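# An overview of the molecular structure
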Amino acid sequence: MITIRRILVPTDFSECATPAVRYAAELADKFEAELVLLHVVPDTVLALPDAVMPTPTPMTDLDTLTESGKTGLANLITAMKLEKYKPRAEVRLGSPEQEIVEAVKDLNVDLVCIATHGREGIARVLLGSVAEMVVRHAPCPVLTVRPGTC
Ligand code: ADP
């Protein structure tokens, strides 16, 4: 018996991610599952401005980045009118693909809904790099959603 209690949808806040968020929300509603929105603040930003010799990022900067991720998710929930799904909003710091897969494990996610493309949005590749790694490594089924399909 397949049970879907928790659906995770990662977002990089790009336009491409929007249909996957909509899909995840409606599936969560149908399955009476919890909807989890996840944004990963990429750890590459921690090495800026000097990517060659990165200096340690002060804690306050990490807090600011995490806070802006939380604000981004809150704004998305409002903009897409997702409040009725009572979504859980998660922000993590690190490598997006690794953190998404870790979140799937930590939160016992039953289904991931992810857009095929994101900020780079190179249409000639089947999947963006994050999407591909999540499809390869997530321990649960992954539904990929192409932009413009929802
Ligand atoms: P592209 O190479 O076209 O940018 P990606 O594989 O990076 O494609 O992105 C595909 C999808 O993966 C995004 O639409 C988003 O759902 C998810 N994703 C990418 N980066 C992040 C991130 N930092 N946090 C959460 N989700 C992300």
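Up top you'll find the structure we're talking about.
Notes on the structure follow. Note that the structure is predicted; figures quoted are calculated from it, not measured. (Residues numbered from 1 in each chain as written. Predicted model: local features only at pLDDT ≥ 70, side-chain atom pairs only at ≥ 80, totals over all residues. Heavy atoms only, no water.)

Here we take up the pattern of salt bridges. This model, assessed by the stated rule, comprises 8 salt bridges. In this structure, Arg-6 and Glu-34 form a salt bridge, with 2.6 Å as the shortest nitrogen-oxygen distance. Within this pair, whereas Arg-6 is found in strand 1 (residues 6–10), its partner Glu-34 is found in strand 2 (residues 34–42), the two being separated by 28 residues in sequence. Taking relative accessible area as the criterion, Arg-6 reaches 24% and is therefore assigned partly exposed. A relative accessible area of 26% places Glu-34 in the partly exposed class. (Salt bridge = Lys/Arg side-chain N within 4 Å of Asp/Glu carboxyl O. Helix = DSSP H or I, 4+ residues; strand = E, 2+ residues; numbered from the N terminus. Buried < 20%, exposed > 50% of the residue type's maximum accessible area, 1.4 Å probe, protein only.)

Taken together, 21 residues sit near the ligand, with Pro-10, Val-40, His-117, Glu-120 and Gly-121 positioned nearest. In the model, an oxygen atom of the ligand is placed 2.7 Å from a nitrogen or oxygen of the His-117 main chain. In the model, an oxygen atom of the ligand is placed 3.1 Å from a nitrogen or oxygen of the Arg-119 main chain. For the ligand, the accessible surface in isolation is 550 Å², of which the surrounding protein chains cover 93%. Of all the elements in the fold, those that place two or more residues in the shell around the ligand are strand 2, helix 3 (96–106), strand 4 (111–115) and helix 4 (129–137). (Near = heavy atom within 4 Å. Polar contact = N/O pair within 3.5 Å; in protein donor to acceptor, adjacent residues only side chain to side chain. Areas by Shrake-Rupley, 256 points an atom, 1.4 Å probe, with all protein chains shown as cover.)

Quick look at the sheet that holds strand 2 now. Taken in spatial order, the 5 strands line up as 3-2-1-4-5 in an open sheet, and their pairing is parallel. Two strands lie at the open edges of the sheet, namely strand 3 (88–94) and strand 5 (142–145), each paired on one side alone. In this sheet, neighbouring strand axes are inclined to one another by 25° on average, regardless of whether the strands run parallel or antiparallel. Where strand 4 and strand 5 come together, 4 bridges link them in parallel fashion. The partner of Ile-114 across the bridge, within strand 5, is Thr-144. Against the sheet, helix 4 touches strand 4 and strand 5, its axis set at about 160° to strand 4. (Pairing = 2+ DSSP bridges. Axes fitted to C-alpha atoms, helices over the stretch in contact; angles between N-to-C directions. Contact = heavy atoms within 4.5 Å.)

As for its position among the elements, Arg-92 is in strand 3. Among the polar contacts made by the side chain of Arg-92, one reaches the side chain of Asp-106 at a distance of 2.7 Å. Each residue touching Arg-92, except ones within four places of it in the same chain, is listed here: Leu-38, His-39, Val-40, Val-41, Glu-99, Glu-102, Ala-103 and Asp-106.

Below, the discussion takes up the pairing of strand 4. Strand 4 sits mainly inside the fold: 5 of its 5 residues count as buried. Burial along strand 4 is two-sided: the face carrying Leu-111, Cys-113 and Ala-115 and the face carrying Val-112 and Ile-114 are both buried. Relative to strand 4, strand 1 runs parallel, the two sharing 2 bridges. If you follow Ile-7 over to strand 4, its bridge partner there is Leu-111.

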